[in-house]
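Here is how the chains run, residue by residue.
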Amino acid sequence: MITGATSGIGLACARKFAENGDKLILTGRNEHRLAEIRRELTEKGTEILTLAFDVRDREKAKKYIRELPAQWQKIDVLVNNAGLALGLEPEYKGDLDDWETMIDTNIKGLLTMTRLVVPGMVERNSGHIINIGSVAGDAAYAGGNVYCATKAAVKALSDGLRIDVADTAIRVSNLKPGLVETNFSNIRFRGDNDRAANVYKGIKPLTGDDIADVAVFAANAPAHVQIAEVLILATHQASGSVIVRK
């Protein structure tokens, strides 16, 4: 199951896991886009179930998970990818609605999906949770404030879950990308493509495929190997705030 699978890292994960021969449950807010992706991957032989809902909508998430067809109920891997950043203002000038959207998606949405899916994994003593965190969760950068806080929460929640399931065969991974060229910055800057493009100017950023490769590797590691945390940066990025542009 991959949340936020209609674009960016989520879509790249869908394609890479499909190449790996896996059956996919894809979730996202855009029902039309989900249908397009289902057609694309089904034509390549992948079995797919799509669920159109926002991870912020707890009741709808509960309904969809509760009503999964029998053949789709045993979820082996949960990729908690749904997330976003909004704005880059100083904390004292931030938009309260933007903050609420980021917190509800990046933290509470991840918790909702974890709470709904992981009990089945515990019951079967098998499963893998892959959370898409960020280098932003390691240290704040200018204007990142609340977004950075949400990704720091993803790290803490990943670590906490890993402790909670240490007596089981379940694995928990936190993948922490740096600069990845997707629609992430377009969303952050509300469709300002020029401003979004400047984020990646002078550096060759990561792609969604780069992160998806790590996710597939972690999911296919031997059962006794837990890829607990991976920081993935572009070659000329040293941290969330140190980027050398040429």
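Residues numbered from 1 in each chain as written. Predicted model: local features only at pLDDT ≥ 70, side-chain atom pairs only at ≥ 80, totals over all residues. Heavy atoms only, no water.

Student: With reference to specific residues and values, describe the environment of Thr-114.
Tutor: With respect to the element layout, Thr-114 can be found in helix 4 (residues 96-124). Among the polar contacts made by the side chain of Thr-114, one reaches the side chain of Asn-80 at a distance of 3.2 Å. (Helix = DSSP H or I, 4+ residues; strand = E, 2+ residues; numbered from the N terminus. Polar contact = N/O pair within 3.5 Å; in protein donor to acceptor, adjacent residues only side chain to side chain.)

Student: Outline the sheet that holds strand 3 (residues 77-80), supporting the account with residue identities and numerical values.
Tutor: Spatially, the four strands line up as an open sheet ordered 3-4-5-6, and their pairing is parallel. Because the sheet does not close on itself, it has two edges, and the strands there are strand 3 and strand 6 (229-232). Averaged over all adjacent pairs, the angle separating strand axes in this sheet is 15 degrees, with direction ignored. Across four bridges, the pairing between strand 5 (residues 171-177) and strand 6 is parallel. By the bridge assignment for strand 6, Asn-174 is matched with Glu-229. The strands touched by helix 4 within the sheet are strand 3 and strand 4 (128-132), with strand 3 carrying the most contacts at an inclination of about 175 degrees. Relative to the sheet, helix 5 (residues 145-164) contacts strand 4, strand 5 and strand 6, its axis offset from that of strand 5 by approximately 160 degrees. (Pairing = 2+ DSSP bridges. Axes fitted to C-alpha atoms, helices over the stretch in contact; angles between N-to-C directions. Contact = heavy atoms within 4.5 Å.)

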